[in-house]
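Architecture and fold: a report
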Amino acid sequence: MKQTLSLVSLLVDDYDRAIAHYTGDLGFELLEDSDRGGGKRWVRVAPRGSTETGLLLARASNATQQARIGDQHGGRVGLFLQTDDFWRDYRAMQSRGVVFEETPREETYATVAVFRDLYGNRWDLLQVNAPAATA
């Protein structure tokens, strides 16, 4: 049996603004933007090269949802963008205006730095360290 996490819903204020941020500033790919009628759209984005998991950009439709934009994880890092080249992506994101909350750090498990997206959601950009070779 196999299961796959295909989408994570993320509340946004405006579809086009969100698409511009995730595809421009973060370098994601726009996978789908379909009109669902009544002002609703099905908008999927994913990191370049991602084959299984993406984000569903869901426009907040009421005051309760609007209050949760940017705080869906209670202020914690809730999203993790793993890369095969931390410094390439860190520099590219900085050049496109992404603000990191900290200086990149070397942990035992990864090179990592926290950034916030357009809405204030906290993300880890990380490159996992290769496992140590065993003799």
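In this text, all values refer to a predicted model and were calculated from it rather than measured experimentally.

The next point concerns helix 3 (residues 86-95). For helix 3, the set of buried residues is Phe86, Tyr90 and Met93. One side of helix 3 carries all its buried residues, which in axial view fall inside an arc of 70 degrees. Away from its buried face by more than 90 degrees, helix 3 exposes Arg91 and Ser95. The inward-facing, buried residues of helix 3 contact helix 1 (15-25), strand 7 (110-116) and strand 8 (122-128). A positive backbone phi angle near 95 degrees is found at Gly97, which sits one or two residues after helix 3.

Right, let's get into the UniProt feature "domain: VOC" (unreviewed entry) in the chain. According to UniProt, the positions carrying the feature "domain: VOC" (unreviewed entry) are residues 3-128. Within the segment residues 3-128, helix and strand shares are 21% and 40% respectively, and the terminal C-alpha atoms sit 23 Å apart.

Topologically, Gly39 is positioned in the loop between strand 2 (29-37) and strand 3 (40-46). Residues Gly39 and Ser6, 33 residues apart in the sequence, show an inter-C-alpha distance of 24 Å. If near-sequence neighbours (up to four positions away) are discounted, Gly39 is found in contact with Tyr15 and Arg59.

Take the packing of aromatic side chains next. Counting across every chain of the model gives eight aromatic pairs. Taking 5.7 Å as the distance between ring centres and 15 degrees as the angle between the ring planes, the aromatic pair formed by Phe115 and Trp123 counts as stacked. In this structure, Phe115 and Trp123 share a single accessibility class: buried. One aromatic cluster is present, formed by Tyr22, Phe28, Phe86, Trp87, Tyr90, Phe100, Phe115 and Trp123 through successive ring pairs.

With the rule as written, the count across this model stands at 12 salt bridges. Residue Asp13 pairs with Arg17 through a salt bridge whose shortest N-O separation is 2.4 Å. Owing to a relative accessible area of 35%, Asp13 belongs among the partly exposed residues under this scheme. Accessibility expressed as a relative area gives 40% for Arg17, which makes it partly exposed. Of the charged contacts, one joins Glu102 and Arg105 as a salt bridge, the two residues approaching to 2.2 Å between their closest N and O atoms. The class of Arg105 is partly exposed, set by a relative accessible area of 28%. Taken together, the shared-partner salt bridges connect Asp16, Asp33 and Arg41 into one network.

Moving on, we get to the sheet that holds strand 4 (residues 54-59). Where strands meet in a sheet, backbone hydrogen bonds hold them as pairs that are either parallel or antiparallel. As summarised here, the arrangement of the four strands in space is 1-4-3-2, forming an open sheet in which the pairing is mixed. Looking along the sheet, the strands with just one partner apiece sit at the ends: strand 1 (7-12) and strand 2. In this sheet, neighbouring strand axes are inclined to one another by 25 degrees on average, regardless of whether the strands run parallel or antiparallel. Relative to strand 3, strand 2 runs antiparallel, the two being bridged by seven bridges. Within the sheet, the bridge partner assigned to Leu30 lies in strand 3 and is Val45. Against the sheet, helix 1 engages strand 1, strand 2, strand 3 and strand 4, with an angle of about 5 degrees to strand 3.

Turning our attention to helix 1. Within the sequence span of helix 1, burial applies to Tyr15, Ala18, Ile19, His21 and Tyr22. Looking down the long axis of helix 1, one finds its buried residues gathered within 165 degrees of arc, a one-sided arrangement. N-cap assignment for helix 1: the residue whose side-chain oxygen lies 3.1 Å from the backbone N of Asp16 is Asp14.

Rules behind the numbers
- Residues numbered from 1 in each chain as written.
- Predicted model: local features only at pLDDT ≥ 70, side-chain atom pairs only at ≥ 80, totals over all residues.
- Heavy atoms only, no water.
- Buried < 20%, exposed > 50% of the residue type's maximum accessible area, 1.4 Å probe, protein only.
- Helix = DSSP H or I, 4+ residues; strand = E, 2+ residues; numbered from the N terminus.
- Arc of directions from axis to C-beta.
- Contact = heavy atoms within 4.5 Å.
- UniProt positions renumbered as here; feature names shortened; annotations may be inferred.
- Phe/Tyr/Trp six-rings, centres within 6.5 Å; stacked < 30°, edge-to-face > 60°.
- Salt bridge = Lys/Arg side-chain N within 4 Å of Asp/Glu carboxyl O.
- Pairing = 2+ DSSP bridges.
- Axes fitted to C-alpha atoms, helices over the stretch in contact; angles between N-to-C directions.
- Polar contact = N/O pair within 3.5 Å; in protein donor to acceptor, adjacent residues only side chain to side chain.

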